[in-house]
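Structural features, examined
Each chain, written out:
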Amino acid sequence: MTSAVSSPPRTIRIGSRKSQLALVQTYWVQEQLQKSYPDITFEVHTMSTQGDKILDVALAKIGDKGLFTKELELGMLNGEIDFAVHSLKDLPTNLPEGLTLAAITERENPADALVVHEKHKDKQIETLPEGAVIGTSSLRRLAQLRHRFPHFTFKDVRGNLITRLAKLDAGEYDALILAAAGLGRLEMSDRIHQILPQDISLHAVGQGALGIECRADDSELISLLKAIEHPQTRDRCLAERAFLRDLEGGCQVPIGVNTEISGEQLTLTGIVASIDGQKLVQDSVTGEANKAEALGTQLAHLLREKGAKEILEEIFAVIQRGS
Ligand SMILES: NCc1[nH]cc(CCC(=O)O)c1CC(=O)O
């Protein structure tokens, strides 16, 4: 018989990407777990992922499935690490066989934020000049902003947050759209000029939350990880992920969401947009929060009936042609 009290203390290896944001997130998880389990040793092991290495190609063109997660997943499957900390929005909705999403942590503000070059410090997104160069590498942000602000010029921006901000400050862009959560975690919230309201930009699935992935058969670790789970965030994110999974989109398709919980009720709003911002379908569903995934599927079906299927097929064809 084993019990938590008598078994020897275990060393648990945490896998993380090397980017500054990834490390801040991983050290936060390590610290929370260390507080809950002072007798266990938690070690951080860093790895480079494909997404960290390919920096000169637009994300939309390399395809997204597991770009930031694959190497960590291999590390778990071959026993080098025990679990991985991901920005949940970078974690594909279908995980490799043998791995599971063990916990979802409390979400930061999931909204997108506008960061401007200092010459625009008295402007808001509504008042930036015609032709302003807006940096974003996300088709979701591109499509929604193009729809609303067709007079801007959109330009891809890659690299980690620090690199992106340096490019903005050097004048390569008039403004960037970034996740408020990423800036917050790097203690750069002072760079947030405007939080984009949901009628301008619905956020990415899972944005602002961390997803902890581990081997599906490591039941001891799975139960330990429950200590850092945030049930409301989990319900919201499971609804969002079921919606995305059903539409077969990754983080690089123009699909946005919003979720709200009121009592036992969860409301999920979703949008699917064409890259040119011309076509846009949106709807919402409300139901019991404990049936989050069913709500996601329901919304996906609703949007498909409204034309989301055609929009997505067109986008996949364009991405495959590499144009
Ligand atoms: N795809 C890159 C990525 N993955 C997670 C974050 C920020 C943190 C988060 O959304 O949880 C970012 C940067 C961004 O979108 O600005």
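Worth saying up front: this structure is predicted, and the values here are computed from it rather than measured.

**Points about unusual backbone geometry**
Residues other than glycine seldom take positive phi values, yet Glu-187 does so here, at roughly 55°. As for its position among the elements, Glu-187 is in the loop between helix 7 (180-185) and strand 9 (194-195).

**Details of the site of the ligand**
The ligand sits among Leu-21, Ser-87, Lys-89, Asp-90, Arg-141, Leu-178, Ala-179, Gly-182, Arg-185, Gln-207 and Gly-208. Asp-90 places a side-chain nitrogen or oxygen 3.0 Å from a nitrogen atom of the ligand. Contact between the ligand and Ala-179: an oxygen atom at 2.9 Å from a main-chain N or O atom of the residue. Contact with the protein chains covers 90% of the free accessible surface of the ligand, which is 390 Å². Counting atoms within 2 Å of the grid points, the majority share of the ligand lands in the largest pocket. Here the shell around the ligand gathers at least three residues from each of two domains, domain 1 (1-107 + 208-229) and domain 2 (112-195).

**A closer look at the sheet that holds strand 7 (residues 153-155)**
The five strands are arranged 7-6-8-5-9 in an open sheet whose pairing can be described as mixed. Because the sheet does not close on itself, it has two edges, and the strands there are strand 7 and strand 9. In this fold helix 5 (residues 139-148) packs onto strand 5 (112-116), strand 7 and strand 8 (175-179), with an angle of close to 130° to the strand it touches most, strand 8. Its contacts with the sheet place helix 6 (residues 161-169) against strand 5 and strand 8, and it is angled at close to 160° to strand 8.

**Here we look at the packing of aromatic side chains**
Tallied over the full model, the rule gives two aromatic pairs. Relative to Phe-154, the ring of Phe-152 has its centre 6.4 Å away and its plane inclined at 65°; by these criteria the two rings are edge-to-face. Accessibility expressed as a relative area gives 7% for Phe-152, which makes it buried. By way of ring pairs, the aromatic residues Phe-149, Phe-152 and Phe-154 are connected into one cluster. For the cation-ring pair, Lys-155 lies above Tyr-173, with the distance from its terminal atom to the ring centre recorded as 4.7 Å.

**Quick word on the environment of Gly-211**
Relative to the helices and strands, Gly-211 is located in strand 10 (residues 210-215). Taking the C-alpha atoms as reference points, Gly-211 and Ser-189, separated by 22 residues in sequence, lie 22 Å from one another.

**Here's the deal with the side chain of Gln-144**
Locating Gln-144 in the fold gives a position in helix 5. When sequence neighbours within four positions are dropped, the list of residues in contact with Gln-144 reads Ile-200, Ser-201, Leu-202 and Ile-271.

**Some thoughts on the environment of Arg-164**
Within the secondary structure, Arg-164 is located in helix 6. Under the relative-accessibility criterion, Arg-164 is labelled buried at 14%. Taking the C-alpha atoms as reference points, Arg-164 and Gly-51, 113 residues apart in sequence, are found 15 Å from one another. If near-sequence neighbours (up to four positions away) are discounted, Arg-164 is found in contact with Ser-137, Val-157, Arg-158, Gly-159, Leu-176 and Leu-178.

**Describing the domain arrangement of the protein**
Reports of interface size often rely on the accessible area that becomes lost once the parts have come together. Domain boundaries in the protein define domain 1 (1-107 + 208-229), domain 2 (112-195) and domain 3 (230-323). On a C-alpha basis, the centroid separation for the pair domain 1 and domain 2 is 29 Å.

**Digging into the confidence of the model for the protein**
Predicted confidence across the protein gives a mean pLDDT of 92, with 92% of residues reaching 70 or more. We note a pTM of 0.92 for the whole complex and an ipTM of 0.95 for its interfaces.

**Concerning the nonpolar core**
Generally speaking, soluble globular proteins have nonpolar side chains that are buried together. Ranked by size, the top nonpolar core spans 30 residues in total, and within it Phe-243, Ile-255 and Val-272 carry the most contacts. Those elements that provide at least two residues to this core are strand 4 (99-104), helix 9 (231-246), strand 11 (255-262), strand 12 (265-273), strand 13 (280-288) and helix 10 (292-321). Per element, the largest residue contribution to this core is nine residues, and it comes from helix 10. Both domains that furnish three or more residues to this core are identified here as domain 1 (1-107 + 208-229) and domain 3 (230-323). Dropping the residues within four chain positions of it, Phe-243 is found in contact with Ile-255, Gly-256, Val-257, Leu-268, Gly-270, Ile-271, Gly-296, Thr-297, Leu-299, Ala-300 and Leu-303. The next biggest cluster of nonpolar side chains, apart from the first, holds 18 residues, and it includes Ile-40, Ala-102, Ala-103 and Cys-214.

Reading the values: the criteria
Each residue is numbered by its place in its chain's sequence as written, counting from 1. Reporting of local features is limited, given that this is a predicted model, to residues whose pLDDT is at least 70; pairs of side-chain atoms are given and counted only at 80 or more, and all residues count toward the totals for whole chains, interfaces and linings. Side-chain measures were taken over the full set of non-hydrogen atoms in the model, leaving aside hydrogen atoms and water. Secondary structure elements are defined from DSSP: runs of H or I of at least 4 residues count as helices, runs of E of at least 2 residues count as strands, and each element is numbered from the N terminus. One heavy atom suffices: a residue is near a molecule or strand as soon as one of its heavy atoms comes within 4 Å of it. Whenever a nitrogen or oxygen atom comes within 3.5 Å of another N or O atom, the pair is scored as a polar contact, on the condition that within protein one atom can donate a hydrogen and the other can accept it, and that pairs from neighbouring residues in sequence are kept only if both atoms are in side chains. In short, Shrake-Rupley with a 1.4 Å probe defines the accessible areas, and a residue's cover is counted only from the protein chains shown. Both site types are read off a 1 Å grid over the protein atoms alone. A 1.4 Å probe that fits but cannot get out defines a cavity, while an open set with protein on both sides within 12 Å along at least five of seven lines defines a pocket; lining residues have an atom within 4 Å of a point. More than half of a molecule's atoms lying within 2 Å of a cavity's or pocket's grid points is what places that molecule inside it. Residue ranges assigned to each domain were obtained from an automatic or database domain assignment. Criterion used throughout: strands pair if DSSP finds at least two bridges between them. Contacts are assigned to residue pairs with any non-hydrogen atoms lying within 4.5 Å of each other. A fitted line through C-alpha atoms serves as each axis, taken over the contacting stretch for helices, and the angle formed by two N-to-C directions is quoted from 0 to 180°. Two aromatic rings, drawn from Phe, Tyr or Trp (for Trp, its six-membered ring), form a pair once their centres lie within 6.5 Å of each other, and the interplanar angle then sorts them: stacked below 30 degrees, edge-to-face above 60, tilted otherwise. The classification of residues rests on relative accessible area computed with a 1.4 Å probe and restricted to protein chains. Under 20% of the type maximum is buried, over 50% is exposed, and intermediate values are partly exposed. The criterion for a charge sitting over a ring is simple: Lys NZ or Arg CZ within 6 Å of the ring centre, and within 35 degrees of the ring normal. What pLDDT expresses is the predictor's confidence in each residue, scored from 0 to 100. As used here, the term nonpolar core means buried Ala, Val, Leu, Ile, Met, Phe, Trp, Tyr and Cys residues forming a set that is joined through side-chain atoms within 4.5 Å.

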